[in-house]
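In case you want the letters, here they are:
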Amino acid sequence: MNKKSFRMPLAAAALSLLSMAACDRAPEAAPTPAPTETPTAAPVEPTSTPAPEPPPVHRIGVRVVEGVGEFYDRETGERFVPRGNNYIRLADQQSASGETFFYHSTFNVGLYDPARAEQALHRMHADGYNVVRVFVQGNCLPVCIGDPAGGLAHAYVANVVDFLRKAKASDIFVILTTDAEPATTYYIDLLDTTWSQDFGGANTSYLRGGGILVGQEFWQDLIEALLAQDAPLDAIFAYALRNELFFEANAPPLSLTAGMVDTADGLTYDMASAEDRQRMMDENLVLWIDQIRAAIRERDPTALVTVGFFPPDQPNPWPSAPRYIRTDVAIWESTLDFIDLHPYPGGYGLDRLVENFGMAGMQAKPIIMGEFGASRSTYTSAAATAGALHDWQVASCEFGFDGWLVWTWDSDEQTDFYNALSDQGQINQVLAPANRPDPCRPGEFAFLENNIALGRPVRASRSLPANPPQSAVDGSGNDWWGAGDFAPQWIEVDLGQPSTVRLIRLLISQSPPGDTRHQVWVGSVPDQLYLLHTFEGWTADLQALEFKPEAPVSDIRYVRVVTRLSPSWIGWREIEVIAP
């Protein structure tokens with residue numbers, strides 16, 4: 001690959017500006033005195049400016065042991081297993097262009113809550129966690145991390161420094177990430193040094209030389225700003241260049257179907273060629289990563305650098321368009337110190353997502369699950385979510401994951417997702433290292449639910465081709481069974497053998513909302529079922545209906561849900577049958 005260096009021109013420009021600034025600040029020289037008869041004093045040896053102190057060595061590093069990459073503690077020499085959380089605060093704020101949006105606000109000036117952050121870090125430490133992931137925000141008014149006057153805002157950086165100090169005091173290491181560099185004139189001008197109408201959206205950052213310049217300058221500015229405020233850089237676990245890096249399929253040049261495009265690597269690619277388009281993204285992705293990582297290591301030589309990725313949509317397709325990424329080239333060919341992947345349960349199995357990531361067989365670089373969590377539309381309760389995340393973590397060990405961070409710790413602002421402390425903290429209980437020192441071994445928790453309907457054979461009165469009955473027992477509320485018609489309709493699950501049931505939970509698929517009547521029939525043979533319970537009343541899409549008998553009911557193999565009344569076509573997102 002032809003890699004063009006962008007570091008030297010920027011470094012030279014930076015040194016030139018620093019020299020000019022130093023001259024501007026120097027006191028004026030005193031006039032040369034007239035010669036006199038006074039004897040000349042002995043010459044004074046000139047004093048030299050002491051070299052700046054090198055940044056502190058990061059405590060966590062990466063080493064390769066018998067061909068396998070692992071994290072380790074430089075102080076103790078012991079292997080380090082990252083287990084932690086994403087700590088995020090969200091708030092309405094105004095963008096630099098004047099738009100109001102709801103977004104990351106953890107360190108925003110005027111919104112940062114040091115007491116809440118400290119309390120969270122103390123609790124994480126008590127529960128055995130050792131890593132936290134946080135976002136820096138570059139596009140808001142009045143003050144985000146970018147200073148409109150140039151460089152980074154001192155007050156915003158001070159909030160980051162405060163958090164780093166609190167994290168170090170709690171023995172928690174911090175991953176700093178972002179979705180984009182600051183949207184201030186200072187950085188936009190750097191980006192526009194290679195302006196071209198052939199690029200738009202996120203593609204601008206990763207396919208143009210200016211995108212590399214901006215990334216290099218921002219991360220070096222951040223390191224220097226942290227050092228200027230005496231930040232404990234040794235508390236930083238890693239710099240994550242992007243929360244989730246992707247190209248945009250509907251923005252140029254990927255939206256073009258013809259023409260030649262020159263990109264940051266100095267090469268020209270044909271937009272009429274699918275092979276050329278993919279090669280353009282692959283080669284420039286690695287270039288962008290490697291050049292910015294090299295710039296970070298210039299200022300912070302022992303720092304770890306990573307990038308976050310959501311799962312690609314091939315070879316197992318899932319709805320990600322227009323966001324587009326292929327991660328295998330970054331995993332195998334870049335200089336990233338470790339890989340940060342974000343597979344969530346509730347859709348495809350982990351084996352299929354691992355296949356999409358292209359990570360199978362990677363041994364030299366550690367791989368962490370920098371995000372894993374669940375939406376409320378996917379799982380019907382925190383207990384069900386806790387069980388799913390517990391099983392997801394255990395299963396991931398077989399695929400080579402070396403660390404895990406929950407999405408999120410306590411973000412009650414994000415109401416569509418469970419957080420670790422939701423509903424008496426059941427998710428935290430099953431994932432906390434204090435309760436499960438070995439993340440690869442299952443734990444025993446009384447509240448974990450055993451859904452014996454999951455993946456079982458199922459049949460229905462009728463179904464739409466795109467919404468088969470099996471979707472109602474696949475463990476994901478994202479898919480659903482749809483009859484494609486109004487009541488009466490039924491769906492029946494075969495549990496495989498006579499079982500004892502303590503709870504039946506139904507997650508509704510319904511539009512519009514309105515009055516409904518659903519009956520639950522159970523028994524040991526299909527033609528001898530009896531009515532166990534009737535749900536009746538006003539219901540809406542995504543609502544969960546639960547029936548828990550006073551005592552568990554035994555000798556149940558078949559569970560049939562019959563809908564007698566509904567204003568919509570009949571469907572269920574999930575049917576769960578919970579055993580004791």
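Residues numbered from 1 in each chain as written. Predicted model: local features only at pLDDT ≥ 70, side-chain atom pairs only at ≥ 80, totals over all residues. Heavy atoms only, no water.

Participant: Outline the overall build of the protein, listing residues and values.
Facilitator: Looking only at helices and strands, one finds eleven helices and 27 strands in the protein. In terms of overall dimensions, the protein has C-alpha extents of about 125 × 55 × 50 Å along its principal axes. Per-residue burial for the protein yields a buried fraction of 53% across its 580 residues. Put simply, 74% of the contacts in the protein that link residues at least 6 apart link residues at least 24 apart. Approximately 25,700 Å² of the protein is accessible, and the part contributed by carbon and sulfur atoms is 53%. With 41 positive and 73 negative side-chain charges, the protein shows a separation of 5 Å between the mean positions of the two kinds. (Helix = DSSP H or I, 4+ residues; strand = E, 2+ residues; numbered from the N terminus. Buried < 20%, exposed > 50% of the residue type's maximum accessible area, 1.4 Å probe, protein only. Contact = heavy atoms within 4.5 Å. Areas by Shrake-Rupley, 256 points an atom, 1.4 Å probe, with all protein chains shown as cover. Lys, Arg positive; Asp, Glu negative; His and termini not counted. Charge placed at Lys NZ, Arg CZ, Asp CG, Glu CD.)

Participant: Explain the nonpolar core to me, and be specific about the residues and the numbers.
Facilitator: Core analysis: the biggest nonpolar cluster contains 103 residues, and Phe163 and Leu226 have the highest contact counts within it. When residues of this core are assigned to their parent elements, the largest contribution, nine residues, is made by helix H7 (residues 274-299). Sequence-distant contacts of phenylalanine 163, defined by excluding residues within four places in its chain, comprise Tyr87, Phe107, Tyr112, Ala117, Leu121, Val132, Val134 and Val174. Grouped together as the second largest cluster of nonpolar side chains are 29 residues, Trp481, Ile556, Val559 and Trp572 included. (Core = buried A, V, L, I, M, F, W, Y, C linked by side-chain atoms within 4.5 Å.)

Participant: Lay out the pattern of salt bridges in plain terms, naming residues and giving numbers.
Facilitator: Taken as a whole and judged by the stated rule, the model has 33 salt bridges. Between glutamate 75 and arginine 59 there is a salt bridge; the shortest N-O distance is 3.8 Å. With a gap of 16 residues between them, glutamate 75 in the loop between strand E2 (68-73) and strand E3 (83-86) and arginine 59 in the loop between helix H1 (7-25) and strand E1 (60-65) connect regions that are remote in the sequence. Look at glutamate 75 and you get exposed, because its relative accessible area is 63%. Between glutamate 244 and arginine 323 there is a salt bridge, with the nearest N and O atoms lying 3.7 Å from each other. (Salt bridge = Lys/Arg side-chain N within 4 Å of Asp/Glu carboxyl O.)

Participant: Describe the environment of phenylalanine 71, and please don't skip the residues or the numbers.
Facilitator: With respect to the element layout, phenylalanine 71 can be found in strand E2. Taking the relative accessible area as the measure of exposure, phenylalanine 71 reaches 1% and is therefore buried. The sequence separation of phenylalanine 71 and serine 471 amounts to 400 residues, and the corresponding C-alpha distance is 40 Å. In contact with phenylalanine 71, not counting residues within four places along its chain, are Ile60, Gly61, Val62, Glu78, Arg79, Phe80, Pro82, Phe237, Leu304, Phe338, Pro366 and Ile368.

Participant: With reference to specific residues and values, describe the pairing of strand E5 (residues 100-104).
Facilitator: The pairing of strand E4 (residues 90-94) with E5 spans five bridges and is classified as antiparallel. From the neighbouring strand, aspartate 92 faces E5, where its bridge partner is phenylalanine 102. Counted between consecutive antiparallel strands, the loop separating E4 from E5 contains five residues, among which glycine 98 sits at a positive phi close to 95°. (Pairing = 2+ DSSP bridges.)

Participant: Lay out the sheet that holds strand E26 (residues 553-565) in plain terms, naming residues and giving numbers.
Facilitator: Adjacent strands of a sheet pair through backbone hydrogen bonds, lying either parallel or antiparallel. Taken in spatial order, the five strands of this open sheet run E19-E21-E26-E23-E24, and their pairing is antiparallel. Edge positions in the sheet fall to strand E19 (458-460) and strand E24 (530-539), since each of these pairs with one other strand and no more. Strand-to-strand, the axes of this sheet are offset by a mean angle of 20°, without reference to chain direction. Two strands pair when backbone bridges link them, and strand E23 (residues 514-523) and E24 are joined in this way by nine bridges, in the antiparallel orientation. Opposite aspartate 515, over in E24, you have tryptophan 538 as the bridge partner. (Axes fitted to C-alpha atoms, helices over the stretch in contact; angles between N-to-C directions.)

Participant: Could you give an account of the packing of helix H2 (residues 114-126) against helix H3 (residues 154-169), naming the residues involved and the relevant values?
Facilitator: The contact between H2 and H3 brings their axes to 9 Å, and the two run at 25°. Here H2 is positioned roughly parallel relative to H3, judged by the angle of their axes. Read as a crossing pair, H2 and H3 show a hand that is right-handed. Contacts between H2 and H3 involve Pro114, Ala117, Glu118 and Leu121 on the former and, on the latter, Asp162, Phe163, Lys166 and Ala167. In terms of residue class, the contact of H2 with H3 is made up of five nonpolar, no polar and three charged. (Parallel < 35°, antiparallel > 145°, perpendicular 65-115°, else oblique. Left-handed = near helix turned anticlockwise from the far one by under 90°. Nonpolar A, V, L, I, M, F, W, Y, C, P; charged D, E, K, R; others polar.)

Participant: Before we move on, could you go through the packing of aromatic side chains and cite the residues and values that matter?
Facilitator: Inspection of every chain in the model, using the stated rule, returns 23 aromatic pairs. Taking 6.0 Å as the distance between ring centres and 45° as the angle between the ring planes, the aromatic pair formed by phenylalanine 246 and phenylalanine 310 counts as tilted. Here the residue phenylalanine 246 occupies a position in the loop between strand E8 (236-240) and strand E9 (247-248), and phenylalanine 310 occupies one in the loop between strand E13 (308-309) and strand E14 (323-324), the gap between them amounting to 64 residues. What makes phenylalanine 310 buried here is its relative accessible area of 3%. For the ring pair phenylalanine 445 and phenylalanine 447, a centre distance of 6.0 Å and an interplane angle of 45° mean the geometry is tilted. When the ring centre of tyrosine 87 is taken as origin, the NZ or CZ atom of arginine 89, which lies over that ring, is 5.1 Å away. The ring of phenylalanine 310 carries arginine 323 above its face, with NZ or CZ at 3.9 Å from the centroid. (Phe/Tyr/Trp six-rings, centres within 6.5 Å; stacked < 30°, edge-to-face > 60°. Lys NZ or Arg CZ within 6 Å of the ring centre and 35° of its normal.)

Participant: Outline unusual backbone geometry, supporting the account with residue identities and numerical values.
Facilitator: Of all residues except glycine, most have a negative phi; of all peptide bonds, most are trans. A cis amide bond links tryptophan 407 to the next residue, threonine 408, at an omega of -5°. Inspection of the secondary structure assignment puts threonine 408 in the loop between strand E17 (403-406) and helix H11 (422-431). Of note, aspartate 171 is a non-glycine position whose phi angle comes to about 60°, a positive value. When you line up the elements, aspartate 171 lands in the loop between H3 and strand E7 (173-177).

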